[in-house]
Amino acid sequence: MEPFVHLDAVALPIARPNVDTDQIVPARYLQKPRSDNFGDYLFRDVREDPAFVFNQERYRGARIVVAERNFGCGSSREHAVWALYDHGFRAAIAPSFGDIFASNALKNGFLPIVLPAATVAQLLAHLDAHPGLRLAVDLPRQVVRDPDGTEHTFEVDAFAKHCLLEGLDEISYTLTLMPAIEAYEARLSKDNG
Amino acid sequence: MAEVPRTLFDKIWRRHVVQERDDGRTLLYVDRHLLQDGSAPAFAMLRQRGLVPRSRERSFATPDHYIPTHSRSLADVRDPEAAMMAQALADDTAAAGIPMFGVDDSRQGIVHVVAPEQGLSQPGLLIVCGDSHTSTHGAVGALAFGIGASEVAHVLATQTIWQRRPKTLRITIAGALGNGVSAKDVILAVIAKIGAAGAAGHAIEYAGATVRALSMESRFTLCNMSIEAGARAGMIAPDETTFAYLTGKPFAPQGEAWDRAVEAWRALRSDDGARFDREVSLDVSTLEPMVTWGNSPEDALPISGRVPDPEEAPDADRRTSMQRALAYMGLVPGTPLEEVAIDRVFIGSCTNARIEDLRSAAKVVAGRHVAKGVAAWVVPGSGLVKAQAEREGLDRIFADAGFEWRFAGCSMCLATNGDRVAPGERCASTSNRNFVGRQGPGSRTHLMSPAMAAAAAVTGRLTDVRALLT
């Protein structure tokens, strides 16, 4: 996994609530191997609508999504994160995320940032007024910075933060805890014995 | 000093803690890992690392997403990549020694129908599956939730999963359900009330006299759609209904072990005075059958209602999103919902393809015929549900009425096997998601109960089933 530390990039404003993972990547692409570029499948059907903000040239290099509540709700498909990631996105900012999406994101070097609804509304208004605006994400300090210098602090699990900063992987870490897992299993078989 | 009263969730959670980190992340032990034919990427991740599944006896698999429902041969899956997904599950589980009910096994079906039906889902267990509707299994008093591919690989490798403890939300439901009103209507009403993110970060416990009176099938429907309210999990304390359902199931404890298990399961309830982070209550005594009109399950209304008017939206954002949904759905504000004509009917999915669902639909269909121009399908949730329905003659009722009677699978709920709603077609569906393109590109989905979908099939439009039941 590629480490995530700082990000300074164009933000794509998706001023919609409940952007579900079916929209992010339609189910017919779930059978594709991970070696595919899932960026090609990102918003595949939603982008048929020419008015969809994603289609605008000025957002071509965007690496941050800003959306309304419940971004990534619905299906557990990790492909939704792969599609965003392969397209170049590394972070999303929203008042809330689908639980499974957020969890999948952190395992792929993609940072889901929860900010208060009012802050996100402000950011969206700001991005609407100044399309192509860049935002900065500073993971070590846990802040999102506006171009005018305003900083918004966000929470992130200490463990997830560590994994992101180091590009570490959860499975390798858990395998170091095998003695604790074996002890649990021994207790379990004794209880059932 | 008396012990602190605990919630059902808390009791199950504590029992599964392997290790807790200072930052609140907890490593939980997984009792049951359910796999389906979307698992290929996870097995690939495992292979890449040179790892093998740790506990095959705690894993169970059955293909459901990519298999055909018009036949039982993978050769009939037209898309070779889709066929590969089902084949990969067979190969990966065979190599690992994980038990699997394949497409040629009469017990195959949607994993969220099969696992409870086999007694694999039991009270007190921690159950995960790489599918968001894993919340279904909470209906037996288990802690069950969906996970992503990396997490599936993690569970395969370590039999554990990292979680941050969710908050608890108790939804207390009171009032007797009217004739023609079902668990599907209740859960749609709940989601309409609290919103599609209303339970985000929470594990829901459904409680109250109405829930206690529900059959197991109805409880599965209720817990299944917890994820559509954003919940991590949905659960119901086990009781006599649960025990009666599980007794004698192939993987349930037998004999003396059963008696011991039931005794232990009786303690799996929220103690009196247990504190929940949030409480919501709902009286369903006057609840009408519900249907959705938009592209989120929260967009649900009583069938007597009208297509909402964006001009009456509380704010500009809501107005825009309603306008977008109505344009996609091809609906005109103010139209009575009962005047909305449909092209297709899908009775199936992990939400509503159990025997009780098929019975309630058949009751409406009996002696009637599918409306002209409507294509209507019944896709049973499992081979065993299908066989039971056939013993009861339900297949004849459906076939005589002009329905197609299919084999078990996820089918048109998400169209991964090629069973799809054509662009622009409107489908009355008993599934769980009315998302843009969910049932195929351009598909227009209205969610409702099996009885309501049956009513729509015979009239050709969204219909208050109660008018057909008198």
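Everything quoted here is computed from the prediction, not taken from an experiment.

Remarks on the overall build of chain A
From N to C terminus, chain A includes seven helices and seven strands. For chain A, the sequential pattern of α-helices and β-strands runs β-α-β-α-β-α-β-α-β-β-β-α-α-α. Dimensions of chain A along its principal axes, counting C-alpha atoms only, are 65 × 40 × 25 Å. Counting only contacts in chain A whose residues sit at least 6 apart along the sequence, the fraction spanning at least 24 positions is 72%.

With respect to the overall build of chain B
Within chain B, the regular secondary structure consists of 16 helices and 18 strands. Relative to a compact globule of 470 residues, whose C-alpha radius of gyration would be 23 Å, chain B shows 21 Å and is just as compact. With the C-alpha coordinates of chain B rotated into their principal frame, the extents come out at 60 × 55 × 45 Å. Counting across all 470 residues of chain B, residues that qualify as buried make up 60%.

Some details on unusual backbone geometry
Positive phi outside glycine occurs at A:N70, with the angle close to 70°. Among the structural elements, A:N70 can be located in the loop between β2 (64-67) and α2 (79-87). One non-glycine residue, B:Q159, lies in positive phi territory at about 60°. Relative to the helices and strands, B:Q159 resides in the loop between α5 (149-158) and β7 (160-164).

Here we look at the interface of chain A and chain B
Taken together, the contacts link 42 residues of chain A with 50 residues of chain B. Listed by contribution, the elements that provide at least two residues to the side of chain A that touches chain B are α1 (21-24), α3 (99-106), α5 (158-166), α6 (170-175) and α7 (178-192) of chain A. Its residues assigned to classes, the side of chain A that touches chain B comprises 16 nonpolar, 12 polar and 14 charged.

A look at helix α1 (residues 8-15) of chain B
All names here are of chain B. Those residues of α1 lying buried are L8, F9, I12 and W13. Buried residues of α1, viewed axially, fall in a sector of 125°; they line one side. Close packing links the buried residues of α1 with β5 (126-129), β6 (143-146), β8 (167-174), β9 (202-207) and β10 (233-235).

Describing the packing of helix α2 (residues 40-48) of chain B against α5(B)
All names here are of chain B. In contact at an axis separation of 8 Å, α2 and α5 are set at 55° when each is read in the N-to-C sense. By the criterion of interaxial angle, the relationship of α2 to α5 is oblique. You can see that α2 and α5 cross each other, and the crossing is right-handed. Together, P41, A42, M45 and L46 of α2 and A149, S150, V152, A153, L156 and A157 of α5 make up the contact between the two elements. Of the residues contributing to the contact of α2 with α5, the split by class is nine nonpolar, one polar and no charged.

Description of the domain arrangement of chain B
All names here are of chain B. Each assigned domain of chain B is listed here: domain 1 (8-165 + 238-262), domain 2 (167-237 + 271-283) and domain 3 (292-469). Once you take the C-alpha centre of each, domain 1 and domain 3 turn out to be 28 Å apart. Taken together, the 23 residues of domain 1 in the interface contact 21 residues of domain 3. The element that contributes the greatest number of residues to the side of domain 1 that touches domain 3 is helix α4 (residues 111-117), accounting for four residues. Class assignment for the residues of the side of domain 1 that touches domain 3 results in eight nonpolar, nine polar and six charged.

Some points on helix α4 (residues 117-129) of chain A
An α-helical segment advances 3.6 residues per turn. Residues three or four places apart therefore align on the same side. All names here are of chain A. For α4, spanning 13 residues, the distance from its first C-alpha to its last is 18 Å, which sits close to the expected 18 Å at 1.5 Å a residue. Listing the buried residues of α4 in full gives V120, L123, L124 and L127. Taken around the axis of α4, the buried residues stretch over an arc of 100°, which confines them to a single face. In α4, the exposed positions that point more than 90 degrees away from the buried face belong to A118, A125 and A129.

Description of the packing of helix α12 (residues 355-365) of chain B against helix α15 (residues 450-459) of chain B
Residues and elements named next belong to chain B. It is at 8 Å that the axes of α12 and α15 come closest, and there the two elements cross at 30°. Comparing the axis directions of α12 and α15 gives the class roughly parallel. Between α12 and α15 lies a crossing whose hand is right-handed. Note on element contacts: α15 touches α12 through P450, A451, A453, A454, A455, A457 and V458, opposite D357, S360, A361, V364 and V365. Class assignment of the residues belonging to the contact of α12 with α15 gives a composition of 10 nonpolar, one polar and one charged.

What counts and what doesn't
Residues numbered from 1 in each chain as written. Chains lettered and ligands numbered in written order. Predicted model: local features only at pLDDT ≥ 70, side-chain atom pairs only at ≥ 80, totals over all residues. Helix = DSSP H or I, 4+ residues; strand = E, 2+ residues; numbered from the N terminus. Contact = placed C-beta atoms within 7 Å. Rg over C-alpha atoms; globule rule 2.2 N^0.38 Å. Buried ≥ 20, exposed ≤ 12 C-beta atoms within 10 Å, placed from the backbone. Nonpolar A, V, L, I, M, F, W, Y, C, P; charged D, E, K, R; others polar. Arc of directions from axis to C-beta. Axes fitted to C-alpha atoms, helices over the stretch in contact; angles between N-to-C directions. Parallel < 35°, antiparallel > 145°, perpendicular 65-115°, else oblique. Left-handed = near helix turned anticlockwise from the far one by under 90°. Domains from an automatic or database assignment. Expected span 1.5 Å × (residues − 1).

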